Amino acid sequence: MIFPSPAKNGAHPILEPTFGQHRSHVDAIFALAEGYDLKIYVLFIESLKETGFHGDLVISVSALDQLKPGVEEYLRSFVKEDGEDGLNVVAYTVSWTCYEKDGVTEAKGANEGVRKCQLNGMYGDENNEPVEDPYEPRPVATARYELYWAWSLKYDEHSWLMLIDSRDAYFQLNPFATLERYLDGGSDKSDGVLLFFEENAEASTIGQSSFNSRWLKEAYGQSAVEPYFDKPIICSGSTMGEKVAIESYLRGMVAQFEKTKCKSKGCDQGFHNYLYYSGGLQNVKGIRDVKVFEQGTGIINNLGVLRSKPLKERGLLDDQMRVLNWDKSISPVAHQWDRDDELNEYLKGVRKTLQSKLSNGSTNKTSSARRSEDIHASILENKHIYPLPAKNGAHPILEPTFGQHRSHVDAIFALAEGYDLKIYVLFIESLRETGFHGDLVISVSALDQLKPGVEEYLRSFVKEDGEDGLNVVAYTVSWTCYEKDGVTEAKGANEGVRKCQLNGMYGDENNEPVEDPYEPRPVATARYELYWAWSLKYDEHSWLMLIDSRDAYFQLNPFGTLERYLDGGSDKSDGVLLFFEENAEASTIGQSSFNSRWLKEAYGQSAVEPYFDKPIICSGSTMGEKVAIESYLRGMVAQFEKTKCKSKGCDQGFHNYLYYSGGLQNVKGIRDVKVFEQGTGIINNLGVLRSKPLKERGLLDDQMRVLNWDKSISPVAHQWDRDDELNKHLKGVRLQMTKQLRKR
């Protein structure tokens with residue numbers, strides 16, 4: 001059998017490339033790529049180039065005067081001259097006439113493939129004069145098979161061709177490198193092989209998919225296709241084959257539209273599956289065999305129907321953010337990568353970086369090559385990125401109750417709910433006295449639940465636009481907390497012991513609140529989500545501090561002595577984290593029943609035992625540049641999602657595990673993590689030193705100032721209430737401050 005030529009009535013394809021030229025002897029990739037921003041092309045093409053592919057990339061793009069900024073220049077930089085090796089772009093600008101729903105009124109654009117369109121200038125007569133499109137208006141996704149058919153005619157019979165969606169495909173290895181060239185045939189054969197790639201059959205069959213079953217029923221009728229409802233979905237957006245076989249297959253795809261007149265966007269997937277399951281590709285001239293690969297076993301890994309569970313949990317995404325097949329080999333092509341939240345966020349970050357690099361430099365050949373090298377280096381970095389705490393396309397919508405963020409300043413973040421005025425007074429007055437002029441961002445109780453004098457006091461620090469000085473930004477967060485049974489609602493967090501959920505934290509695309517996507521957890525664990533949302537309000541290289549408010553006291557401006565970029569610069573895409581240890585001579589992780597228990601509960605004895613001789617790193621005192629802090633906070637939220645550790649204190653386990661297990665190495669946004677021994681850094685953690693007075697240790701002077709071991713004043717004294725003398729002194733100080741405030 002032979003399917004009819006798509007060119008009817010003696011016509012033939014006359015469409016020629018707008019720029020670039022086909023090289024008939026090479027392998028080629030065909031893709032429709034119209035209407036996209038530069039970033040879409042960059043990720044697709046740069047990842048392909050990095051694999052070492054030296055064939056043709058043939059694409060259909062918008063008319064030159066409608067291309068988005070930078071696209072034409074970028075694509076032309078890949079055009080090869082006669083005899084020149086390397087990835088070669090061949091670009092077609094196709095003219096479409098599209099219609100509104102009435103089928104008569106002309107419309108502008110294909111409306112993402114929903115509108116029905118006709119191809120202009122595709123076919124010509126014997127004199128190469130254009131003839132009218134012989135087909136009824138149909139979706140661009142259906143008409144593309146005519147383009148692909150015309151392009152296939154430009155290649156040798158046994159060149160290998162790939163048909164792939166460009167928007168959501170990403171290359172990790174050369175997809176043609178491991179092919180057995182003729183798969184049981186030979187270059188002298190008159191036929192060839194097709195490779196089809198399934199979606200995951202356990203996640204969905206044709207019948208379980210409302211879309212796929214509808215496309216088949218619409219095209220062929222219920223009775224004709226029902227026998228295929230228990231079959232795996234075969235993806236029409238990812239196909240490979242020898243040219244001789246691909247050309248016959250493409251004729252068959254065009255013939256299905258002519259036969260069925262199915263005009264819905266997606267009908268081409270119905271055609272593709274029907275051709276295979278109905279036997280329509282058997283005994284067809286040019287096609288020797290059709291090899292169908294289960295999802296995750298072939299060259300192209302279709303990820304679309306796996307969105308119900310993260311790829312990492314399935315073992316299909318490694319720590320270097322590489323998509324894997326089920327046998328743990330790297331998938332040469334990852335298709336539908338945007339369906340996985342973590343991979344989507346990572347690759348969007350990669351393409352943003354690539355586009356930024358492309359925007360620098362002139363358009364001359366040398367500069368283009370230099371920019372290309374920079375881009376490839378960026379791809380090879382393979383930086384890990386933790387997933388967004390906001391899931392399923394949501395985003396943080398919580399806004400301050402009073403005060404406003406100032407993005408350019410440094411900031412301190414603290415949870416400060418349920419406290420008497422005296423707690424706020426010591427914390428804030430000691431901070432103000434240091435000359436700190438940044439933001440203090442705090443989460444407090446609902447206004448009607450604040451203790452007497454607290455709201456008035458906090459509002460007194462709110463700054464107007466352009467006003468300098470210490471500025472308070474206060475959030476009132478709504479929690480739903482539960483008793484031990486996990487069902488009965490309780491009043492308050494019970495000092496962090498109860499498990500709680502965050503209300504109104506996340507919203508959908510319309511900013512409507514969505515349910516908290518996480519299981520109830522201690523407030524001390526959930527605070528890292530708040531801190532993450534707050535961090536987004538600041539410039540990439542603003543410095544941020546995360547600190548416990550109840551037992552911290554400021555003696556010097558903690559940001560005053562920072563080396564601003566610590567071997568980096570304000571133009572760097574990453575930053576530094578500062579961690580602060582507790583005293584290692586007084587206790588290690590293994591010697592602390594609390595710290596060892598939190599780690600074991602979260603990760604298991606065998607995973608954490610190697611860290612038992614390590615110093616405890618305090619999770620209640622962390623600093624860093626915003627770009628690094630934001631990545632760290634993602635990591636902290638990810639640890640709860642991974643471990644489901646719900647004890648109060650598990651966040652300290654997460655913090656130590658992230659550092660000691662290497663979980664902060666090679667992470668996007670984090671250039672370095674500097675860890676300070678107790679009493680040597682900006683924050684002095686005093687907690688485990690309670691066995692002996694600070695004065696006897698030389699860490700408290702006669703003026704009741706906490707010191708580092710080198711006798712310099714500690715900018716921040718944390719856990720001051722563990723030392724009897726200091727505790728008594730500071731409680732007296734805050735009592736006096738509070739009395740004076742009440743008088744005012």
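Please read all numbers here as calculations on a predicted model, not as lab measurements.

With that settled, the discussion passes to the sheet that holds strand β30 (residues 716-718). Strand order in this open sheet of 3 strands is β25-β30-β29, and the pairing throughout is mixed. Two strands in the sheet have a free side with no partner beyond their single neighbour: β25 (552-554) and β29 (683-685). Between one strand axis and the next, the sheet turns by 20° as a mean value, whatever way the strands run.

A few words now on the packing of helix α3 (residues 140-152) against helix α6 (residues 243-260). With their axes 9 Å apart at the nearest point, α3 and α6 run at an angle of 150° to one another. Judged by the angle between their axes, α3 and α6 are roughly antiparallel. The crossing of α3 and α6 is left-handed. Here α3 contributes Thr142, Tyr145, Glu146, Tyr148, Trp149 and Ser152 to the contact with α6, which in turn contributes Lys243, Glu247, Tyr249, Leu250, Arg251, Met253, Val254 and Phe257. Tallied by class, residues from the contact of α3 with α6 come to 8 nonpolar, 2 polar and 4 charged.

What follows deals with a negative patch on the surface. Judged by side-chain charge, Glu81, Asp82, Glu84 and Asp85 come together as a negatively charged surface patch. Within the secondary structure, aspartate 85 is located in the loop between α2 (71-76) and β4 (88-93). The class of aspartate 85 is exposed, set by a relative accessible area of 53%.

This part takes up the sheet that holds strand β15 (residues 333-335). Hydrogen bonding along the main chain pairs the strands of a sheet, whether they run parallel or antiparallel. Here we have 3 strands laid out as an open sheet, ordered β10-β15-β14, and mixed in their pairing. The open sheet is flanked by β10 (169-171) and β14 (300-302), the only strands paired with a single partner. For this sheet, the mean angle separating the axes of adjacent strands, direction not counted, is 20°. Here β14 runs beside β15; their pairing, made up of 3 bridges, is parallel. For asparagine 302, the partnering residue across the bridge sits in β15 and is histidine 335.

Here the focus is the confidence of the model for the protein chain. Averaged over the protein chain, the pLDDT score is 91; the fraction of residues at 70 or greater is 93%. Here residues 361-381 scores under 50 on pLDDT; set against residues more than four positions off or in separate chains, the count is 32 contacts.

Of all 6 residues that make up strand β18 (residues 439-444), 6 are buried, and the element is covered over most of its length. In β18, alternate side chains face the same way, and those of Asp439, Val441 and Ser443 on one face and Leu440, Ile442 and Val444 on the other are all buried. Pairing of strand β17 (residues 411-415) with β18 involves 5 bridges; the strand directions are parallel. Pairing of phenylalanine 413 across the sheet is with valine 441, part of β18. After leaving β17, the chain enters helix α11 (residues 421-433) and then returns to the sheet as β18, a path that is right-handed. As paired strands, β18 and strand β19 (residues 471-476) are joined by 6 bridges and run parallel to one another. Within β19, the residue paired with aspartate 439 across the bridge is asparagine 471. Read as a crossover between parallel neighbours, the route from β18 over helix α12 (residues 454-459) to β19 is right-handed.

The next point concerns the state of the cysteines. Taken as a whole, this structure holds 4 disulfides when the rule is applied. The disulfide bridge from cysteine 98 ends at cysteine 117, spanning 2.1 Å between sulfur atoms. Taking the sign of the S-S torsion, about 105° here, the bridge from cysteine 98 to cysteine 117 comes out right-handed. Taken together, the residues cysteine 98 in strand β5 (residues 95-99) and cysteine 117 in strand β7 (residues 116-120) connect sequence positions 19 residues apart. Of the two residues, cysteine 98 and cysteine 117, neither departs from the other in class, the shared state being buried. Here cysteine 262 engages in a disulfide with cysteine 267; their sulfurs sit 1.9 Å apart. Between cysteine 262 and cysteine 267, the disulfide has an S-S torsion of -40° and is therefore left-handed. Exposure remark for cysteine 262: the relative accessible area of 2% places this residue in the buried category. Taking the relative accessible area as the measure of exposure, cysteine 267 reaches 0% and is therefore buried. Listing the disulfide partners of the protein chain by sequence rank of the bonded cysteines yields 1-2, 3-4, 5-6, 7-8. The structure places no disulfide on cysteine 618, whose sulfur is separated from the nearest cysteine sulfur, that of cysteine 650, by 15 Å.

The subject of this paragraph is unusual backbone geometry. For methionine 321, which is not a glycine, the phi torsion comes out positive at approximately 60°. Topologically, methionine 321 is positioned in the loop between α8 (311-314) and β15. One non-glycine residue, asparagine 511, lies in positive phi territory at about 65°. Its location among the elements puts asparagine 511 in the loop between β23 (506-507) and α13 (523-535).

What follows concerns helix α16 (residues 626-643). When the terminal C-alpha atoms of α16 are compared, their 26 Å separation across 18 residues agrees well with the 26 Å that a helix rising 1.5 Å per residue should span. Judged by how many residues are buried, α16 sits mostly within the fold: 16 of 18 residues are covered. Immediately downstream of α16, the backbone of lysine 644 shows phi near 55°, a positive value.

This part covers the environment of aspartate 340. For aspartate 340, the position within the fold is in the loop between β15 and α9 (341-358). Once the C-alpha coordinates of aspartate 340 and serine 308 are considered, the two residues, 32 residues apart in sequence, prove to be 8.8 Å apart. Each residue touching aspartate 340, except ones within four places of it in the same chain, is listed here: Pro310, Leu311 and Leu317.

Conventions and cut-offs
Residues numbered from 1 in each chain as written. Predicted model: local features only at pLDDT ≥ 70, side-chain atom pairs only at ≥ 80, totals over all residues. Heavy atoms only, no water. Pairing = 2+ DSSP bridges. Helix = DSSP H or I, 4+ residues; strand = E, 2+ residues; numbered from the N terminus. Axes fitted to C-alpha atoms, helices over the stretch in contact; angles between N-to-C directions. Parallel < 35°, antiparallel > 145°, perpendicular 65-115°, else oblique. Left-handed = near helix turned anticlockwise from the far one by under 90°. Contact = heavy atoms within 4.5 Å. Nonpolar A, V, L, I, M, F, W, Y, C, P; charged D, E, K, R; others polar. Patch = residues over 30% accessible without salt bridge, like charges linked within 9 Å, V, L, I, M, F, W, Y side chains within 5 Å. Areas by Shrake-Rupley, 256 points an atom, 1.4 Å probe, with all protein chains shown as cover. Salt bridge = Lys/Arg side-chain N within 4 Å of Asp/Glu carboxyl O. Lys, Arg positive; Asp, Glu negative; His and termini not counted. Charge placed at Lys NZ, Arg CZ, Asp CG, Glu CD. Buried < 20%, exposed > 50% of the residue type's maximum accessible area, 1.4 Å probe, protein only. pLDDT = per-residue confidence, 0-100. Right-handed = clockwise from strand over helix to strand, strands pointing away. Disulfide = S-S within 2.5 Å. Expected span 1.5 Å × (residues − 1).

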